[in-house]
Amino acid sequence: MPWRRKPNSRLRYWSDGSPSKSKAAGFTTILVYCVGPPERDPRPRCWHWSAVKLDDLPEWDWYDICAHLKCTQCGSVGWVDPRPNWGEVVDYNKGIR
């Protein structure tokens, strides 16, 4: 699979796993935050975020998927911070016991 761009090492990419492993854990979406545009770009940070369906992603490693994601607001490619959507698997109404 060709790389669109080399991922920035300072970004928090998931080191292993794939969308199917996240689906098995009960997740249906991930939250993707844009941390672009790249350094030395005069534009301010975007901070746009979106919930992305796991069914819409290819069955690649997270490292490869994150390198190909593009922000729909600023157009930066690969400058993302993906996070699990814990709201799908945690019942916040029960509280902490």
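Residues numbered from 1 in each chain as written. Predicted model: local features only at pLDDT ≥ 70, side-chain atom pairs only at ≥ 80, totals over all residues. Heavy atoms only, no water.

A. The overall build of the protein chain, seen in detail. Secondary structure assignment for the protein chain yields 2 helices and 3 strands. Taken from the N to the C terminus, the helices and strands of the protein chain come in the order α-β-β-α-β. Per-residue burial for the protein chain yields a buried fraction of 37% across its 97 residues. Long-range contacts, defined as pairs at least 24 residues apart, comprise 70% of the intrachain contacts of the protein chain with a sequence gap of at least 6. When the accessible surface of the protein chain is split by element, carbon and sulfur atoms take 51% of a total near 6,600 Å². (Helix = DSSP H or I, 4+ residues; strand = E, 2+ residues; numbered from the N terminus. Buried < 20%, exposed > 50% of the residue type's maximum accessible area, 1.4 Å probe, protein only. Contact = heavy atoms within 4.5 Å. Areas by Shrake-Rupley, 256 points an atom, 1.4 Å probe, with all protein chains shown as cover.)

B. Broad picture of the pattern of salt bridges. Evaluation of the coordinates by the stated rule reveals 2 salt bridges. Between arginine 83 and aspartate 81 there is a salt bridge, and its shortest N-O distance comes to 2.7 Å. Of the residues examined, arginine 83 reaches a relative accessible area of 34% and is grouped as partly exposed. On the basis of relative accessible area, aspartate 81 is assigned to the buried category, the value being 7%. (Salt bridge = Lys/Arg side-chain N within 4 Å of Asp/Glu carboxyl O.)

C. Just the environment of tyrosine 63, in detail. Among the secondary structure elements, tyrosine 63 is positioned in helix H2 (residues 62–68). Judged by its relative accessible area of 36%, tyrosine 63 falls in the partly exposed class. Along the primary structure tyrosine 63 and glycine 17 are separated by 46 residues, whereas in three dimensions their C-alpha atoms are 8.9 Å apart.

D. Highlighting the sheet that holds strand E1 (residues 29–34). In space, the 3 strands of this open sheet follow the order E2-E1-E3, with antiparallel pairing throughout. Of all strands in the sheet, those bounded by a partner on one side alone are strand E2 (49–53) and strand E3 (80–84). Strand-to-strand twist of the sheet, defined as the mean angle between neighbouring strand axes without regard to direction, takes the value 30°. Where E1 meets E3, 5 bridges bridge the pair, whose relative direction is antiparallel. If you follow cysteine 34 over to E3, its bridge partner there is valine 80. (Pairing = 2+ DSSP bridges. Axes fitted to C-alpha atoms, helices over the stretch in contact; angles between N-to-C directions.)

E. Main features of the pairing of E1. The buried fraction of E1 is high, at 5 of 6 residues. In this structure, E1 lies alongside E2, joined through 5 bridges in antiparallel fashion. Directly across from tyrosine 33, in E2, lies its bridge partner tryptophan 49.

F. Representation of the nonpolar core in the model. Membership of the largest hydrophobic core is limited to 11 residues, which are Phe27, Ile30, Val32, Val52, Leu54, Leu57, Trp62, Ile65, Cys66, Leu69 and Val80. Ranked by residues supplied to this core, first place goes to H2 with 3 residues. (Core = buried A, V, L, I, M, F, W, Y, C linked by side-chain atoms within 4.5 Å.)

G. Spotlight on the confidence of the model for the protein chain. Model confidence for the protein chain is summarised by a mean pLDDT of 80, while 80% of its residues fall at 70 or above. Of all helices and strands in the protein chain, the one with the weakest mean pLDDT is H2 (83), whereas E2 scores best (94). (pLDDT = per-residue confidence, 0-100.)

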